[in-house]
Amino acid sequence: MSSGKLEEGTLIGNRFRVVGLVGTGSFGSVYEATDDQNPAHPRVALKVLHARFANDKSIRARFEREAKALLLLESPRICPLLDWGSTSVGPSQTPIMYLALPFVEGTTLGKLLETASPMEEERAIRIAIGICEGVAAAHAAGILHRDLNPDNVLVGASDAIRLGAALSLGLSPCPRRA
């Protein structure tokens, strides 16, 4: 692990082999990886908390809450959690925490809006409905996505929508009305 970036071929959790970096945010990075143990989902997205947060108990607790919240969500509009955990990597045994989700071929809504704007009305409505279905499924499970933005909406083939797990630690329990 050089400069905080996972090297190609790094094995995470004795299961996921890093292929390459997809993107980086303020709390973590997303890597494309292969799942050595799951032929049904051979390509995964590994969301890895930045190593600088590894010893921050508050952030680690939020990360664990996010992983547990994702386990409650079952919807074709939300990326399912395949695995999560913590491990050490590299010669210095740097501690990291990770979420593993299916890799979604496509782009984010943010990137799509940059390249396909203005969007045809029918397509925009189809995408908006997909987002609403994902948010409704999260709310039905008692989860509030506090960082819903175009960069956390994945747009796949035929405009299939999936809400991604935000490594901004944006999932939290949804307040219930009495």
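Cut-offs and rules
- Residues numbered from 1 in each chain as written.
- Predicted model: local features only at pLDDT ≥ 70, side-chain atom pairs only at ≥ 80, totals over all residues.
- Heavy atoms only, no water.
- Helix = DSSP H or I, 4+ residues; strand = E, 2+ residues; numbered from the N terminus.
- Expected span 1.5 Å × (residues − 1).
- Buried < 20%, exposed > 50% of the residue type's maximum accessible area, 1.4 Å probe, protein only.
- Arc of directions from axis to C-beta.
- Contact = heavy atoms within 4.5 Å.
- Pairing = 2+ DSSP bridges.
- Phe/Tyr/Trp six-rings, centres within 6.5 Å; stacked < 30°, edge-to-face > 60°.
- Polar contact = N/O pair within 3.5 Å; in protein donor to acceptor, adjacent residues only side chain to side chain.

### Some remarks on helix 3 (residues 121-140)
Next, step 1: In a regular helix each residue adds 1.5 Å, so 20 residues correspond to 28 Å; helix 3 covers 28 Å between its end C-alpha atoms and thus fits that length.
Next, step 2: Listed as buried for helix 3 are Ile127, Gly130, Ile131, Gly134 and Ala138. Projected down its long axis, helix 3 shows its buried positions confined to an angular sector of 95 degrees, all on one face. For helix 3, the exposed residues set more than 90 degrees away from the buried face come down to Glu121, Glu122, Cys132 and Ala140.
Next, step 3: In this structure, the buried residues of helix 3 make contact with helix 2 (109-115), strand 8 (143-145), strand 9 (153-155) and strand 10 (161-163).
Next, step 4: Of the residues one or two after helix 3, Gly142 is the one with positive phi, at around 80 degrees.

### Side note on the pairing of strand 5 (residues 83-89)
Next, step 1: In this structure, strand 5 lies alongside strand 6 (residues 94-102), joined through seven bridges in antiparallel fashion. Each residue of the ladder has a partner; that of Trp84, found in strand 6, is Leu99.

### A word on unusual backbone geometry
Next, step 1: Here the phi dihedral of Ser158 falls at roughly 55 degrees; this positive angle occurs in a residue that is not glycine.
Next, step 2: In this structure, Ser158 sits in the loop between strand 9 and strand 10.
Next, step 3: Ser158 gets classed as exposed once you look at its relative accessible area, which sits at 73%.
Next, step 4: Phi angles above zero are rare outside glycine, and Asp159 is one such case at about 60 degrees.
Next, step 5: Structurally, Asp159 can be placed in the loop between strand 9 and strand 10.
Next, step 6: Residue classification places Asp159 among the buried positions, given a relative accessible area of 10%.

### With respect to the sheet that holds strand 9
Next, step 1: Taken together, the three strands give an open sheet; going across it, the order is 7-9-10, and neighbouring strands pair in antiparallel fashion. Among the strands making up the open sheet, the edge pair consists of strand 7 (107-108) and strand 10.
Next, step 2: By the bridge criterion, three bridges tie strand 9 to strand 10 in an arrangement that is antiparallel. The residue bridging Val153 from the neighbouring strand is Leu163, located in strand 10.

### Details of the packing of aromatic side chains
Aromatic ring pairs: the centre-centre distance and the angle between the two ring planes describe each pair.
Next, step 1: Under the criterion given, the structure shown has two aromatic pairs.
Next, step 2: Relative to Tyr98, the ring of Phe16 has its centre 6.1 Å away and its plane inclined at 65 degrees; by these criteria the two rings are edge-to-face. Here Phe16 is found in strand 2 (residues 16-24), whereas its partner Tyr98 is found in strand 6, with 82 residues between them in sequence.
Next, step 3: Its relative accessible area of 0% is what places Phe16 among the buried residues.

### Describing helix 1 (residues 57-72)
Next, step 1: For helix 1, built from 16 residues, the straight-helix expectation of 22 Å at 1.5 Å per residue is met to within 8% by its first-to-last C-alpha distance of 23 Å.
Next, step 2: Of the residues making up helix 1, those classed as buried are Ile59, Phe63, Glu66, Ala67, Ala69 and Leu70. Angular distribution of buried residues about the axis of helix 1 spans 165 degrees; they occupy a single face of the element. Every exposed residue of helix 1 that faces more than 90 degrees away from the buried side is listed here: Lys57 and Leu72.
Next, step 3: The backbone nitrogen of Ser58 lies 3.0 Å from a side-chain oxygen of the residue at the head of helix 1, namely Asp56.

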